[in-house]
Amino acid sequence: MTERLQNLTGLAPTAKLPAYDRSKLKSGILHLGPGAFFRAHFAPFTDKALAATGGEWGIEVASLRTADVADHLNEQNGLYTMLIRDTSGTTAQVIGPILKAHVATRDPAGLLERLEDPAIRIVSLTVTEKAYGLDTLTGGLDLNHPDIAADLIHPHTPRGVVGYLVEGLSRRRKKGIAPFTALSCDNLPSNGAVLKRLVLEFASRVDPSLHDWIEQKVPFPSTMVDRITPASTDVTYADAERLTGRQDLAAIETEPFTQWVIEDHFANGRPTWEKAGALMVEEVSAYEKMKLRMLNGAHSLLAYLGYIGGYEYVRDVMEDAGLAALARRHMSAAAATLDPVPGINLEHYADELIARFANKAIAHRTYQIAMDGTQKLPQRLLEPATEALAQGGKAETYAIAVAAWMRYALGIDRNGKGYELRDPRAGEIAALLADVPRNGGAVSGTLFHLPGLFPAALTKNVAWTEDVANKLEILIQDNRLPLI
């Protein structure tokens, strides 16, 4: 059996190694959610910044739920392989900033100790939208979210991300320790502002004086992050072993493109991420809106239509000329809802997105992108659709995307085989649709009334809702694509 990746000695010459002394790193960042995206984005940016200017910004990671990634990282002394794939081939880079991994469910007290350690100056997170406990109707805490509800009852023994942040900050305040910067890297609009609002509301419910301290002392920078990162497969692990000469159970694969825009508001220092290509700005909203609406919105459109149409990967969807043209048309429609973005030509950005989606070396499953639709639709599709209609447009590509999601929400593929929605509201959706006739009008009329999802400006627009119903009817009856 091949030796595990545990150190940097004796690796194959085809592997690029960290260009700094790992032994000099000290923990300065605690990252919650060490999934594939963190390993393809945050950690490589930090790796490159350390190579450029040095520093002691080692990363500890913590999983709030599953243990497998954390265990693999600990078994490999924090090392893992990032494969970068394009049509010219695959390269391997060993990423080195991670020093230790924690599993909150095994040792919650240990994670709280790390949160109150003065050495930890940044707590970053990629925990997915649904972990925040955001009530999309009110913009505040979802008091019915299991983690939020449990942590408000037992705030000193949290289990959710907001609860952990508040308890960690509370302990630092009581001991006179400077606060950490809370850095969200999830695909939420104004992610830093959202996180701050939720943390402050939670704090106000457990300790009003803590609310005031957090509001005055703790930065919550917003960020825009972008790198297509498929789920790892057996091919990922085999290629990592081939290119490094070591077995790597934490390996990930990604595309060459990467982008990170960060509001430069930090409490106590940060790595020199700008040396790694990050754009440090005063305000990130224009960039994140661009990405959410043009990239993520088109991705969702392709994922739902593609999955319905029997395409496993986005690259396969892009081989359908009609669907590729529809994606480009949707990007143009999304661009029309945007204000100018400093330094970005939106036409060129759209062309670049099309090329990225079509990258044959990236196996990004439509089913992976389709998950958590009720969490993703508002910022990716529903908000820009509302704005497009208000500007006098027809929002047709948005109607196609929403119809495709509704068809997907039926949970039955074109051959009559069932599948899991993998959505936090899957049970609610199934209950609503249980006795509804399978036609476009009935299904769309039911899902338009899913509480808190669709804004009234959309549901009261008769022409647009009828367009959705008509397109959904086509998808239900004959799966005709791409509805253009």
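Here the residue index of a chain counts from 1 through its sequence in written order. Thresholds applied to this predicted model are a pLDDT of at least 70 for local features of residues and 80 or more for the giving and counting of side-chain atom pairs; totals over whole chains, interfaces and linings are not thresholded and use all residues. To obtain the side-chain values, all non-hydrogen atoms of the structure were included, while hydrogens and water were left out.

Asks: Mind showing me how you'd approach empty space enclosed by the protein here?
Replies: A water-sized probe, rolled over the atoms, reveals where empty space remains. With a 1 Å grid spanning the protein atoms alone, the term cavity applies to any set of points in which a 1.4 Å probe fits but cannot get out, the term pocket to an open set with protein on both sides within 12 Å along at least five of seven lines, and the term lining residue to any residue with an atom within 4 Å of a point. Grid points are joined across faces, edges and corners, and a volume is the space filled by probe spheres set on the points. Here the structure, examined in full by the defined rule, presents 3 cavities of 30 Å³ or more. Taken as a whole, the largest cavity holds about 50 Å³ of empty space. As for the largest cavity, its lining consists of Asp186, Asn187, Leu188, Asn191, Thr223, Met224, Val225, Glu288, Lys291 and Leu292. Of the residues in the lining of the largest cavity, the class split is 4 nonpolar, 3 polar and 3 charged. Two domains share the lining of the largest cavity, each providing at least three of its residues, namely domain 1 (22-282) and domain 2 (285-478). Residues are grouped as follows: Ala, Val, Leu, Ile, Met, Phe, Trp, Tyr, Cys and Pro are nonpolar; Asp, Glu, Lys and Arg are charged; all remaining types, including Gly, are polar. Annotation comment: domain bounds sourced from an automatic or database domain assignment.

Asks: Would you explain the domain arrangement of the chain in this entry?
Replies: Frequently, the measure chosen for interface size is the accessible area that the parts lose on association. The domain architecture assigned to the chain consists of domain 1 (22-282) and domain 2 (285-478). Computed from C-alpha atoms alone, the centre-to-centre distance between domain 1 and domain 2 is 28 Å. Across the contact, 31 residues belong to domain 1 and 29 residues belong to domain 2. By buried area we mean how much accessible surface two parts lose on assembly, using a 1.4 Å probe and totalling the loss over both. Across the domain 1 to domain 2 interface the summed buried area is about 2,300 Å²; carbon plus sulfur atoms make up 57%. We count a salt bridge whenever a side-chain nitrogen from Lys or Arg sits within 4 Å of a carboxyl oxygen from Asp or Glu. Applying the counting criterion to the domain 1 and domain 2 interface returns 3 salt bridges. For lysine 130, the salt bridge goes to aspartate 372, with nearest N and O atoms at 3.3 Å. Identification of polar contacts relies on pairs of N or O atoms within 3.5 Å, with a donor-acceptor requirement for protein atoms, meaning one able to donate a hydrogen and the other able to accept it, and with residues adjacent in sequence counted only if both atoms are side-chain atoms. At the surface where domain 1 touches domain 2, the tally comes to 10 residue pairs in polar contact (both at pLDDT 80 or more). When residues of the side of domain 1 that touches domain 2 are traced back to their parent elements, those giving at least two are strand E4 (80-86), strand E9 (223-226), strand E10 (252-254), strand E11 (259-263) and strand E12 (279-281). A run of DSSP states H or I qualifies as a helix once it reaches four residues; a run of E qualifies as a strand once it reaches two. Both are numbered from the N-terminal end. No other element matches the 4 residues that E9 contributes to the side of domain 1 that touches domain 2. Contacts: residue pairs with any heavy atoms within 4.5 Å of one another.

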